[in-house]
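Read off the chains here:
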Amino acid sequence: MDARSTLRQSMRQKRRALSPQQQAAAAHKLLTVIKKLPDIHKSKHLAIYLPNDGELDPTPIVQWCWKMKKNVYLPVLHPLSHNRLWFVRYTHRTLMTRNIYGILEPKAPYRFIRPAKMLDIVLLPLVAFDEQGGRLGMGGGYYDRTFSFIRQYNAQRPRLIGLAHDLQKVKKLPIESWDVPLSCIVTEARCY
């Protein structure tokens, strides 16, 4: 097993070890930190994920976005392009289904797709991160492939913001050539 796989396994174990009370407290603290970011207030179209496998829960952010009349989108596994994502509008009435990984996603409402380039902000989950903005994901490359245009064309939009528990921070992550840089990383404690 390589160093990235070992780190991925240990970080996933750490975040899964958090109690439901710790998870709920972290989710509410995360909302407080996120609301301090000026770009969040200016944005109209935000992609967010639903928590899985001990990920920091952005559900309070979703509720706040709806209250602020922002459009929220969830990632959906692209049915035609391998390891890529679509972003589908998400409301309290959206019908949901589980994808091949057991993660909830909107159930095939393809008329509500928003192209990745047309999102203002994407809040994405992390397995590990460093203070330099390095991100370690689950290993499938979905976000890196979907947002490769940012690196390729130096695109300014969307802003990619990683969300993670503060305990997922490491000293230094190796960065690969295909890794798409994040604008910042937000935890329940602060913004890096």
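Since this is a predicted model, take the numbers as computed values, not measurements.

## Brief notes about the overall build of the protein
In terms of regular secondary structure, the protein is built from six helices and ten strands. Its C-alpha atoms put the protein at 40 × 35 × 35 Å along the principal axes. The burial tally for the protein puts 48% of its 192 residues in the buried class. Counting contacts in the protein only where the partners sit at least 6 residues apart, residues at least 24 apart contribute 70% of the total. As displayed, the protein offers around 10200 Å² of accessible surface, 53% of which is attributable to carbon and sulfur atoms.

## Let's talk about the side chain of T187
Along the chain, T187 falls in the segment after β10 (184–186). For T187, a relative accessible area of 0% translates into the label buried. A polar atom in the side chain of T187 sits 3.0 Å from the backbone nitrogen of A189. Dropping the residues within four chain positions of it, T187 is found in contact with L30, V33, L56, F129, A164, H165, D166 and Y192.

## Describing helix α4 (residues 59–67)
Those residues of α4 that sit buried are P60, I61, V62, W64 and C65. Buried residues belonging to α4 abut α2 (20–34), α3 (38–42), β1 (45–47), β2 (71–77), β6 (121–125) and β9 (159–163). Just downstream of α4 lies K69, where phi reads positive at about 65°.

## Concerning the side chain of N99
Along the chain, N99 turns up in the loop between β4 (96–98) and β5 (104–106). Among residues more than four places away in sequence, those in contact with N99 are L77 and E105.

## Structural notes on the nonpolar core
In globular proteins that are soluble, nonpolar side chains generally tend to be buried together. I34, I61, F87, L123, F147, L163 and V186 are the most contacted members of the largest nonpolar core, which totals 46 residues. In terms of residue count, the dominant contributor to this core is α2 (five residues). Ignoring sequence-local partners within four residues, the contact set of F147 consists of F87, A116, V122, P158, L160 and V180. One finds A128, L136, V170 and L173 within the second-largest nonpolar core, a separate group that totals six residues.

## A look at the pattern of salt bridges
Per the counting criterion, the structure on display carries eight salt bridges. The closest approach of N and O atoms between R159 and D39, which form a salt bridge, is 2.3 Å. Here D39 lies in helix α3 and R159 lies in strand β9, a separation of 120 residues in the sequence. According to the relative accessible area criterion, D39 is partly exposed, its value standing at 24%.

Conventions adopted
Residues numbered from 1 in each chain as written. Predicted model: local features only at pLDDT ≥ 70, side-chain atom pairs only at ≥ 80, totals over all residues. Heavy atoms only, no water. Helix = DSSP H or I, 4+ residues; strand = E, 2+ residues; numbered from the N terminus. Buried < 20%, exposed > 50% of the residue type's maximum accessible area, 1.4 Å probe, protein only. Contact = heavy atoms within 4.5 Å. Areas by Shrake-Rupley, 256 points an atom, 1.4 Å probe, with all protein chains shown as cover. Polar contact = N/O pair within 3.5 Å; in protein donor to acceptor, adjacent residues only side chain to side chain. Core = buried A, V, L, I, M, F, W, Y, C linked by side-chain atoms within 4.5 Å. Salt bridge = Lys/Arg side-chain N within 4 Å of Asp/Glu carboxyl O.

Nothing here speaks to function; it is geometry throughout.
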